[in-house]
Amino acid sequence: MSHPSVEDIKANSRHLRGTLLHGLADPVTGSLSFEDQRLVKFHGTYQQDDRDIRDERRRQKLEPAHQFMIRIRAPGGMFSPAQWLQLDAIATTHANHSLRITTRQTFQFHGVIKRELKATMQAINASLLDTVSACGDVNRNVLASSNPLQSRLHAQVQDWAQRLSEKFLPNTRAYYEIWLDEEKVADSTNVDEPLYGATYLPRKFKMAVAVLPLNDVDVFANDFGLIAIVDEHGALAGFNVAIGGGMGASHGDAATYPRLADVIGFVTPERVLAIAEAAITVQRDLGDRVERKHARFKYTIDTHGLDAIVALMEARAGFKLEPARAFSFDHNGDRFGWVEDEDGHGHLTLRIPAGRILDSEQGQHLTGLREIARIHPGEFRLTANQNLVIAGVPAGQRARIDALVATYGLDVHARASGLRLNALACVALPTCALAMAEAERYLPELLDKAEVLLGKHGLLDAPIHLRISGCPNGCSRPYLGEIALVGKAPGRYNLMLGADHRGQRLNVLHRENIDEAAILSTLDELFARYAAQRTPDQSSLEKRFGDFLIDAGIVTPLARPRNDIAIEVIA
Ligand code: SRM
Ligand code: SF4
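Definitions and limits used
Here the residue numbers are simple positions, counted from 1 along each chain's written sequence. Each chain gets a letter, beginning with A, and each ligand a number, beginning with 1, in the order they are written. Residue-level local features of this predicted model are given only where pLDDT is at least 70; pairs of side-chain atoms are given and counted only at 80 or more, and the full residue set underlies all totals for whole chains, interfaces and linings. Hydrogens and water molecules were not included; the side-chain quantities draw on all heavy atoms of the structure. For each residue, the test is whether any non-hydrogen atom lies within 4 Å of the molecule or strand; if one does, the residue is near. Each residue gets one label: Ala, Val, Leu, Ile, Met, Phe, Trp, Tyr, Cys and Pro are nonpolar, Asp, Glu, Lys and Arg are charged, and the others, such as Gly, are polar. To qualify as a helix, a DSSP run of H or I must reach at least 4 residues; to qualify as a strand, a run of E must reach at least 2; elements of each kind are numbered from the N terminus. In this scheme, strands are said to pair when DSSP sees at least two bridges between them. Axes here refer to lines fitted to C-alpha atoms; in helices the fit is confined to the stretch in contact. Angles between the N-to-C directions go from 0 to 180 degrees. Two residues form a contact once any of their heavy atoms are found within 4.5 Å. To estimate the expected span of a helix, subtract one from its residue number and multiply by 1.5 Å. Burial classes: relative accessible area under 20% of the type maximum marks a residue as buried, over 50% as exposed, and values in between as partly exposed (1.4 Å probe, protein chains only). The directions considered for the arc are those from the helix axis to the C-beta atoms. For Na, K and Ca the donor cut-off is 3.2 Å, and for all other metals it is 2.8 Å, counting N, O and S atoms only; because water is absent from this set, sites may look incomplete. We define a salt bridge as a side-chain nitrogen of Lys or Arg found within 4 Å of a carboxyl oxygen belonging to Asp or Glu. Between 65 and 115 degrees an angle is taken as roughly perpendicular, under 35 as roughly parallel, over 145 as roughly antiparallel, and anywhere else as oblique. It is the rotation of the near helix from the far one that decides the hand of a crossing: anticlockwise by less than a right angle makes it left-handed, clockwise makes it right-handed.

Participant: Explain the site of ligand 2 to me, and be specific about the residues and the numbers.
Facilitator: As a structural note, the neighbourhood of ligand 2 is formed by C426, V427, A428, C432, L434, A435, S469, G470, C471, N473, G474 and C475. Per-class residue counts for the shell around ligand 2 are eight nonpolar, four polar and no charged.

Set out below in structure tokens:
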């Protein structure tokens, strides 16, 4: 029996209700219907199964071990200590005793079974958080740079992330009725949904706001990106706007590809919401509603042409964009350790390996951060590189935080190589249904082996960006890694090389479908050549690894992305 299309499911869902109430109450199966599995994403949760035991369960003629991943909506990735403690309690009560920081600055819970799903959603809501639009064909969690040095600017940008997220939430009350038992009013399924309509967007839509000089949000990987521009007094003058970024691709399908966003102009703050809405409605109306693999805004732009899309956005917004302002990014990684902001508050960025907060032999992250949350007067900020900032620490409190960091082994950043500090891994197995190879679980072993090679060549301090994804969908934004591994099959990866360290150049395929031995021997050879670039006194490297790979002719970059144009202005 063939399933209805996602477009039909959305259209017939009475604004995202489907038969979810009935399906959640059905005790016979741990699963939801095919249709409801598509709809429940809009409520921030995915049905998955434990793939480690899938075959065994099949042999035993049992249904798969169904479970749910839940993703929180957290614009700018900001959480209070009280919320931290509540989320920790949810992870240990309803989920798999871990909190997973995602590459979009929020938390995921894994391993929640269907009969606990509603209680978990209610507990999340009780912590004054929600999961609305964390997944689904809508505007997703909005990223904001975690740069804590310019605290006042950061606060403004954080506010913009919040406003963009709120502005583009759907109007449907389905979430509140299904999960929070909100009383259903007679015509509530007939809700006015002026932005999204009955079929929402053709595909997910992603926004990010970057604060120079850090591109820690990878702004060019988003459908709609803003780059904050400050005036000569350090006040927010407005934003450069970039459209059409995205990472997802499919192996062997040339019609799908990663693409960096194009910088299309500058807007003052009061015009931001109008131009963002114009981008969403243009994509809503012109995006491909037949082929989901071809439905992201990046393809709409390439189908209709950038100039035509920009002209349409300007017509809908009612104004013309100003020319883009000059900008320059330092890098797209995080800054680790303590920094002090202009108001004298301390901010401590901790490395969280692959974003997974749990207690293990490598460190007591769950317990240690719980203890910190109990005494921390500031807030927690997640980064889009899966790390954590303990933010807003008064001077008198730092020693206590440092002591807890040491006690629980949270000082990974003080011990890690440059490669380890800058590594990203997507979740992949065992929960991700689309994974073709390991990513998060393989990363520690891969890093251990790669570090042996780096040590051999005197490169342990080199800040090389490595990204690994279990499939070509690109959830760890692998196509922006100086080195990237993209899963093809168990134990086999495409090795991609040559992105820059600013998130402004895509990498390219270097070797296809190779195993660990081939990966390591290739890296060994490249590290040897890179090490030869050391300055005569051995104190520094002349260029970053990605740039070296290009300059040495090891890989040839793709045609120059247009977001480099603004760089040229200031060069
Ligand atoms: Fe992703 C699908 C995990 C960031 C591109 N992503 C998935 C699913 C839900 C698998 C599925 O559809 O069944 C994964 C769930 C795994 C699990 O077990 O938790 C998943 N994506 C993640 C996270 C958790 C990766 C991580 O390790 O942090 C990230 C959650 C972000 C969040 O909090 O919202 C995550 N995903 C991304 C990013 C990075 C970003 O947005 O900066 C991308 C590339 C950017 C982009 O969207 O182009 C990304 N995820 C995808 C795609 C490819 C979309 C496309 O345009 O083709 C899929 C597959 C799909 O949507 O069909 C996908
Ligand atoms: Fe799953 Fe692929 Fe995303 Fe990794 S990149 S989380 S394997 S969909």
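Having put the structure on the table, let's press on.
Participant: Pulling in residues and values, what's your account of the site of ligand 1?
Facilitator: The immediate surroundings of ligand 1 are formed by 29 residues, with T102, M247, T431, C475 and R477 found nearest. Elements with a minimum of two residues in the shell around ligand 1: β1 (45–49), β2 (66–71) and β5 (107–112). Counted by class, the shell around ligand 1 contains nine nonpolar, 12 polar and eight charged residues.

Participant: Residue-level account of the sheet that holds strand β22 (residues 508–514), with values.
Facilitator: Ordered by their spatial adjacency, five strands build an open sheet running β18-β19-β20-β21-β22, and the pairing between neighbours is mixed. Each edge of the sheet is formed by a strand with only one pairing partner; in this case those strands are β18 (423–425) and β22. Between one strand and the next, the sheet's axes are offset by a mean angle of 15°, whatever the strand orientation. With three bridges joining them, β18 and strand β19 (residues 466–469) adopt parallel strand pairing. For A423, the partnering residue across the bridge sits in β19 and is L466. Sheet contacts for helix α16 (residues 443–456): β18, β19 and β20 (483–489); angle to β19, the most-contacted strand, approximately 145°. Lying on the sheet, helix α17 (residues 516–531) is in contact with β20, β21 (492–497) and β22; it crosses β22 at an angle near 145°.

Participant: Can you break down the sheet that holds strand β6 (residues 143–144) residue by residue, with the values?
Facilitator: The sheet built from five strands is open, its strands ordered β6-β7-β8-β9-β10 with mixed pairing. Edge positions in the sheet fall to β6 and β10 (262–267), since each of these pairs with one other strand and no more. Looking at chain direction, strand β8 (residues 224–230) and strand β9 (residues 236–243) are connected through seven bridges and run antiparallel. Paired with F224 across the strands is I243, a residue of β9. Taken strand by strand, helix α9 (residues 272–286) contacts β7 (207–211), β8, β9 and β10, and its axis lies near 160° from that of β8.

Participant: How would you summarise helix α11 (residues 306–317) if you had to cite specific residues and measurements?
Facilitator: Note: α-helices contain 3.6 residues per turn, so residues at a spacing of three or four share the same orientation. Taking 1.5 Å of rise per residue, the 12 residues of α11 would be expected to cover 16 Å, and the 16 Å separating its terminal C-alpha atoms lies within 8% of that figure. Those residues of α11 that sit buried are L306, I309, V310, M313, E314 and A317. Taken around the axis of α11, the buried residues stretch over an arc of 135°, which confines them to a single face. In α11, the exposed positions that point more than 90 degrees away from the buried face belong to D307 and A315. Structurally, α11 contributes buried residues whose contacts are with β9, β10, α9 and α10 (297–304).

Participant: Describe the coordination of the iron atom of ligand 1, with residues and values.
Facilitator: Inspection of the coordination sphere of the iron atom of ligand 1 shows a single protein donor, C475 (SG), at 2.3 Å. Along the chain, the position of C475 falls in the loop between β19 and β20.

Participant: I'd love a proper account of the pattern of salt bridges, names of residues and values included.
Facilitator: A side chain of one charge can pair with a side chain of the opposite charge when the charged atoms of the two come close. What the rule picks out here adds up to 41 salt bridges. In this structure, E182 and R173 form a salt bridge, with 2.5 Å as the shortest nitrogen-oxygen distance. Of the residues examined, E182 reaches a relative accessible area of 30% and is grouped as partly exposed. Residue R173 is classed as partly exposed on the basis of its relative accessible area of 33%.

Participant: Summarise the environment of R534; cite the residues concerned and give the values.
Facilitator: Checked against the element boundaries, R534 lands in the loop between α17 and α18 (545–551). With 378 residues separating them in the primary sequence, R534 and Q156 have C-alpha atoms 41 Å apart.

Participant: Tell me about the packing of helix α7 (residues 151–167) against α9, residues and numbers included.
Facilitator: Each pair of packed helices gets described by two things: the angle between the helix axes and the distance between those axes. It is the contact of α7 with α9, at a shortest axis distance of 11 Å, that shows an interaxial angle of 45°. With respect to α9, the element α7 is oriented oblique. For the pair α7 and α9, the sense of crossing is right-handed. Residues W160, R163, L164 and K167 of α7 form the contact with α9, whose own contacting residues are V272, L273, A276 and E277. When grouped by side-chain class, the residues that make up the contact of α7 with α9 number five nonpolar, no polar and three charged.

Participant: Lay out the side chain of H501 with the relevant residues and their values.
Facilitator: Looking at where H501 falls in the secondary structure, it is placed in the loop between β21 and β22. H501 sits in the buried class, given a relative accessible area of 6%. Ignoring sequence-local partners within four residues, the contact set of H501 consists of D330, H331, N332, H465, E482, R544 and D547.

Participant: Lay out the packing of α16 against α17 in plain terms, naming residues and giving numbers.
Facilitator: Contact geometry for α16 and α17: axes closest at 10 Å, N-to-C directions at 30°. Between α16 and α17, the interaxial angle falls into the category roughly parallel. Relative to α17, the crossing made by α16 is right-handed. Only E516, L520, L523, D524 and F527 of α17 make contact with α16, whose side of the interface consists of E445, L446, K449, A450, L453, L454 and K456.

Spatial relationships are all this shows, so hold off on functional conclusions.
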